[in-house]
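# Notes for the structure review
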Amino acid sequence: MSARFVAAIDHGTTSTRCILLAPDGTPAAIAQREQTMYYPRPGWVELDMEQVWRRTQECIHEALNTAGATAADVAGIGIANERESVVLWDRHTGRPVARSITWQDTRTAGEVDALAADGGIHRFQRTTGLPISTYSSALKLRWLLDEEPSRRAAAERGDLLFGTPDTWLLWNLTGGPDGGVHATDPTNASRTLLMNLHTLEWDDDLLDVMAIPRALLPQIRSSSEVYGAAAGDLAGVPIAGILGDQPASLFGHTCFDRGDVKNTYGTGAFLLFTLGTEPRISEHGLITTVAWKLGDADAVYALEGSVAMAGALVQWLRDNLGLIDAAPEVETLARSVQDAGGVVFVPAFSGLFAPYWRDDARGVIVGLTRFANKGHIARAALEATAYQTYDLVEAMLADTGLQQLGELRADGGMTKNELLMQLQSDVLGSPVAAPSMAEITATGAAYAAGLATGFWAGLDELRANYTIARRWAPEMHADERTRRVADWRRGVDRTLGLAAPEQVARSASM
Ligand SMILES: Nc1ncnc2c1ncn2[C@@H]1O[C@H](COP(=O)(O)OP(=O)(O)O)[C@@H](O)[C@H]1O
Ligand SMILES: O=P(O)(O)OC[C@H](O)CO
């Protein structure tokens with residue numbers, strides 16, 4: 001019997017999923033498990049990757065059960081993952097040496113300052129496409145190596161392995177200490193600050209500057225090829241696709257052509273613009289990143305605007321303030337008021353990423369009066385995601401010379417929020433569209449695996465699978481938009497420099 005599905009594992013910041021996709025791109029089964037996030041100190045954000053691996057196995061098991069499928073029904077496995085997060089583990093025991101330092105973690109702010117003191121934050125941008133910030137992997141990895149003196153020697157002996165979460169999952173899926181494949185793809189490697197964006201190889205100069213031993217590093221393969229065969233419930237199934245979750249979403253939206261744009265509204269928000277095979281370096285605060293590399297074909301690049309706090313702010317309203325019991329309730333609360341009542345909420349909890357790149361920014365709620373209530377706070381929190389996206393679109397237009405954004409393709413947990421999606425369309429003055437398939441990140445990873453294994457013949461077949469379920473059209477007057485954006489920008493100004501230098505240095509040295 002020929003295979004009926006491709007499996008995708010989508011490991012996001014808050015949860016991990018396994019999805020079985022049919023040839024027409026519809027899901028036959030979706031299994032999802034939340035994982036525990038750890039915030040041991042201000043600015044620290046960690047994940048237990050052994051738990052993530054257990055959750056992954058549970059999701060695979062449940063998805064197969066739901067679809068009444070076995071490994072024989074599955075043509076290939078694709079992996080999509082939260083990027084930049086660092087896993088360092090012992091190749092003999094298979095156990096991480098510490099919890100993963102995740103992408104939102106700001107503990108390396110002191111090291112960022114030191115590195116940027118000589119040449120500024122754009123020092124490595126031509127080579128890597130990235131500004132120096134707490135976001136990328138390299139300094140997190142160095143921090144883990146330096147935390148415990150014996151680790152660096154173990155790394156140099158080849159006893160430790162480094163990976164972003166895709167690498168950790170691939171290694172475990174292919175047998176772990178028992179012959180696991182240690183590899184990554186260029187979409188993930190391009191987020192480390194260690195890969196040359198033009199050659200798609202680890203860069204010796206950067207490894208030297210960051211003090212990273214080469215023996216730790218995974219092999220950089222393409223995003224769509226057979227890396228190895230799975231063990232466990234999917235025994236024998238080829239793992240054939242790896243894409244960082246944001247490029248996976250771009251691919252799942254079938255944004256294959258130059259100028260296609262998508263935004264994912266998950267823990268953070270990530271706007272990607274497909275460039276084509278030329279890696280244009282941003283002059284307006286965006287990142288240049290690898291979008292995908294299909295087998296031997298040339299890599300395709302994207303401009304990316306990354307925002308650290310989007311859905312995470314809704315989680316914070318729920319978990320830290322207790323304003324809501326569940327994320328969807330933020331919409332009801334925000335609809336209890338006409339507008340934000342002059343309140344502006346800038347969630348610079350991890351500093352500000354694109355287009356500002358200010359590690360010294362911290363969150364503010366400004367414009368408070370006796371009139372303000374929790375509805376205004378909730379509304380301002382949602383507006384923060386819409387305005388942060390507006391900032392990214394402005395930078396993207398400036399970089400590309402385009403006058404106006406066409407349609408914005410949207411996905412992620414926050415797209416269920418109708419109020420936010422309408423606000424987004426209003427603030428951008430452009431239509432926003434969400435596809436019928438909500439799990440578009442998993443779809444992209446499945447597509448990468450399905451192309452490599454011949455389950456899908458080519459990009460046209462994938463385009464035919466893509467349908468829009470919902471569209472929001474702008475309703476706000478342009479003057480009103482201008483006024484609100486000006487209020488937002490004043491709020492952003494207030495965040496800058498709020499993390500005092502000694503505070504940054506102290507958290508970095510702990
Ligand atoms: N109805 C909603 N309104 C606003 N935010 C929501 C809603 N539903 C979920 N979220 C937010 O979306 C995020 C989860 O989206 P998801 O795409 O699964 O994220 P990730 O892939 O980063 O784990 C959470 O941060 C949650 O707070
Ligand atoms: O967990 P997500 O889906 O918000 O994505 C995380 C990003 O990959 C971080 O760069």
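Here is a short report on the structure shown in this document. Being a predicted model, the structure only gives us computed values, none of them experimental.

## Regarding the overall build of the protein
For the protein, the count of helices and strands is 17 helices and 24 strands. Whereas a compact globule of 510 residues would reach a radius of gyration of roughly 24 Å, the protein reaches 22 Å, a difference of no more than 12%. Overall, the protein is about 65 × 50 × 45 Å in size when its C-alpha atoms are taken along their principal axes. Evaluated residue by residue, the protein yields a buried proportion of 62% over its 510 residues. When contacts within the protein are restricted to residue pairs at least 6 apart in sequence, those whose partners lie at least 24 apart make up 72%. Summing over all exposed atoms, the protein offers an accessible surface of approximately 18500 Å²; the carbon and sulfur share of this is 48%. When the 44 basic and 63 acidic side-chain charges of the protein are each reduced to a single mean position, those positions are 4 Å apart.

## Focus on the pattern of salt bridges
Per the counting criterion, the structure on display carries 31 salt bridges. Residue Arg489 pairs with Asp391 through a salt bridge whose shortest N-O separation is 2.5 Å. With Arg489 in helix H16 (residues 478-495) and Asp391 in helix H12 (residues 374-400), this pair connects stretches of sequence that are 98 residues apart. Residue Arg489 is classed as partly exposed on the basis of its relative accessible area of 28%. Its relative accessible area of 4% is what places Asp391 among the buried residues. With a closest N to O distance of 3.2 Å, Arg483 and Glu480 form a salt bridge. Highlighted residues: Arg483 and Glu480, both in helix H16, separated by three residues, approximately one helical turn. Residue classification places Arg483 among the partly exposed positions, given a relative accessible area of 44%. Via salt bridges that share partners, Glu383, Glu480, Arg483, Arg484, Asp487 and Arg490 belong to a single interconnected network.

## Points about the site of ligand 1
The environment of ligand 1 is made up of 18 residues, and the closest members are Thr14, Arg17, Thr267, Gly311 and Gly413. At a separation of 2.5 Å, an oxygen atom of ligand 1 approaches a polar side-chain atom of Thr267. For ligand 1, an oxygen atom lies 3.4 Å from a polar atom in the side chain of Gln315. Here ligand 1, which alone exposes 590 Å², has 86% of that area covered by the protein. Every element with two or more residues in the shell around ligand 1 is listed here: strand E2 (15-21) and helix H10 (311-319). Here the element with the most residues in the shell around ligand 1 is H10; it accounts for four residues.

## Focus: the sheet that holds strand E3 (residues 27-34)
Here six strands make up an open sheet; going across it, the order is E3-E2-E1-E6-E15-E14 and the pairing mixed. Taken across any chain shown, the strands that pair with only one partner, and hence form the sheet edges, are E3 and strand E14 (224-229). Going from strand to strand, the sheet's axes swing by 25° on average, the running direction of each strand aside. Two elements, strand E6 (residues 74-81) and strand E15 (residues 238-244), share five bridges in a ladder whose sense is parallel. Looking across to E15, one finds that Gly78 is bridged to Gly241. The strands touched by helix H6 (residues 165-173) within the sheet are strand E1 (5-11), E6, E14 and E15, with E6 carrying the most contacts at an inclination of about 145°. Relative to the sheet, helix H9 (residues 245-252) contacts E1, E6 and E15, its axis offset from that of E15 by approximately 100°.

## A look at the packing of H12 against helix H13 (residues 418-428)
If you want to describe how two helices pack, look at the angle between their axes and the distance between the axes. Two elements in contact, H12 and H13, have axes whose closest approach is 9 Å; the angle formed by their N-to-C orientations is 40°. Considering the angle they form, H12 stands oblique to H13. In terms of crossing hand, the pair formed by H12 and H13 is right-handed. Each of Arg379, Leu382, Glu383, Thr385, Ala386, Tyr387, Thr389, Tyr390 and Val393 in H12 lies in contact with H13, whose residues at this interface are Leu419, Leu420, Leu423, Gln424, Val427 and Leu428.

## Some remarks on the environment of Tyr447
Along the chain, the position of Tyr447 falls in helix H14 (residues 440-452). We classify Tyr447 as buried; its relative accessible area is 3%. Setting aside residues no more than four positions away along its own chain, Tyr447 makes contact with Leu21, Gly25, Phe251, Gly252, Trp456, Leu462 and Asn465.

## Re the state of the cysteines
Enumeration over the complete set of coordinates arrives at zero disulfides. Of all cysteine sulfurs in the structure, the one in Cys59 sits closest to Cys18, which takes part in no disulfide; the separation is 6.8 Å. Residue Cys18 is classed as buried on the basis of its relative accessible area, which comes to 2%. A residue is classified by how much of its surface remains accessible, and Cys59, at 1% relative accessible area, is buried.

## What about the site of ligand 2?
Residues in close proximity to ligand 2 include Gly12, Thr13, Glu82, Arg83, Glu84, Trp103, Tyr135, Asp245, Gln246, Thr267, Gly268 and Phe270, which together make up its full environment. Glu84 has a polar side-chain atom sitting 2.6 Å from an oxygen atom of ligand 2. Residue Gln246 places a side-chain N or O atom 3.2 Å away from an oxygen atom belonging to ligand 2. For ligand 2, whose accessible area on its own is 310 Å², the fraction buried by protein is 93%. Grouping the constituent residues of the shell around ligand 2 by class yields three nonpolar, five polar and four charged.

Calculation notes
- Residue positions are given per chain, counting from 1 as you read along its sequence in written order.
- As a convention, the first chain written is A and the first ligand written is 1, with the rest following in written order.
- Per-residue local features are limited, in this predicted model, to residues with pLDDT of at least 70; the limit for side-chain atom pairs, both in listing and counting, is 80 or more; totals at the level of whole chains, interfaces and linings are taken over all residues.
- Side-chain figures throughout are based on the complete set of non-hydrogen atoms in the structure, without hydrogens or water.
- Segments assigned H or I by DSSP are reported as helices when at least four residues long, segments assigned E as strands when at least two residues long, and all are numbered from the N terminus.
- Each radius of gyration reported is based on C-alpha atoms, and the globular scaling rule is 2.2 Å times the count of residues to the power 0.38.
- The buried label goes to any residue with under 20% of its type's maximum accessible area, the exposed label to any with over 50%, and the partly exposed label to all in between, with areas taken from a 1.4 Å probe on protein chains only.
- By definition, residues are in contact when any of their heavy atoms lie within 4.5 Å.
- What sets the accessible areas is the Shrake-Rupley method with a 1.4 Å probe; for residues, cover comes only from the shown protein chains.
- Charged-residue counts in this description rest on Lys and Arg as positive and Asp and Glu as negative, His and the chain ends being excluded.
- One atom stands in for each charge, and that atom is NZ of Lys, CZ of Arg, CG of Asp or CD of Glu.
- By salt bridge we mean one thing: a side-chain nitrogen of Lys or Arg within 4 Å of a carboxyl oxygen of Asp or Glu.
- Any residue with a heavy atom positioned within 4 Å of a molecule or strand is treated as near that molecule or strand.
- Polar contact is defined as a pair of N or O atoms within 3.5 Å, subject to the rule that within protein one atom must be able to donate a hydrogen and the other to accept it, and that residues adjacent in sequence are counted only when both atoms are side-chain atoms.
- One requirement defines pairing of two strands: DSSP has to find at least two bridges between them.
- For helices, the fitted line uses only the C-alpha atoms of the stretch in contact; every axis is such a line through C-alpha atoms, and the angle between N-to-C directions lies from 0 to 180 degrees.
- Angle categories are assigned with fixed cut-offs, so that under 35 degrees is roughly parallel, over 145 is roughly antiparallel, 65 to 115 is roughly perpendicular, and the rest are oblique.
- Crossing handedness is defined as follows: a turn of the near helix away from the far one that is anticlockwise and smaller than a right angle gives a left-handed crossing, while the clockwise case is right-handed.
- Only a pair of cysteine sulfur atoms within 2.5 Å counts as a disulfide in this structure description.
- Residues are grouped as follows: Ala, Val, Leu, Ile, Met, Phe, Trp, Tyr, Cys and Pro are nonpolar; Asp, Glu, Lys and Arg are charged; every other residue, Gly included, is polar.

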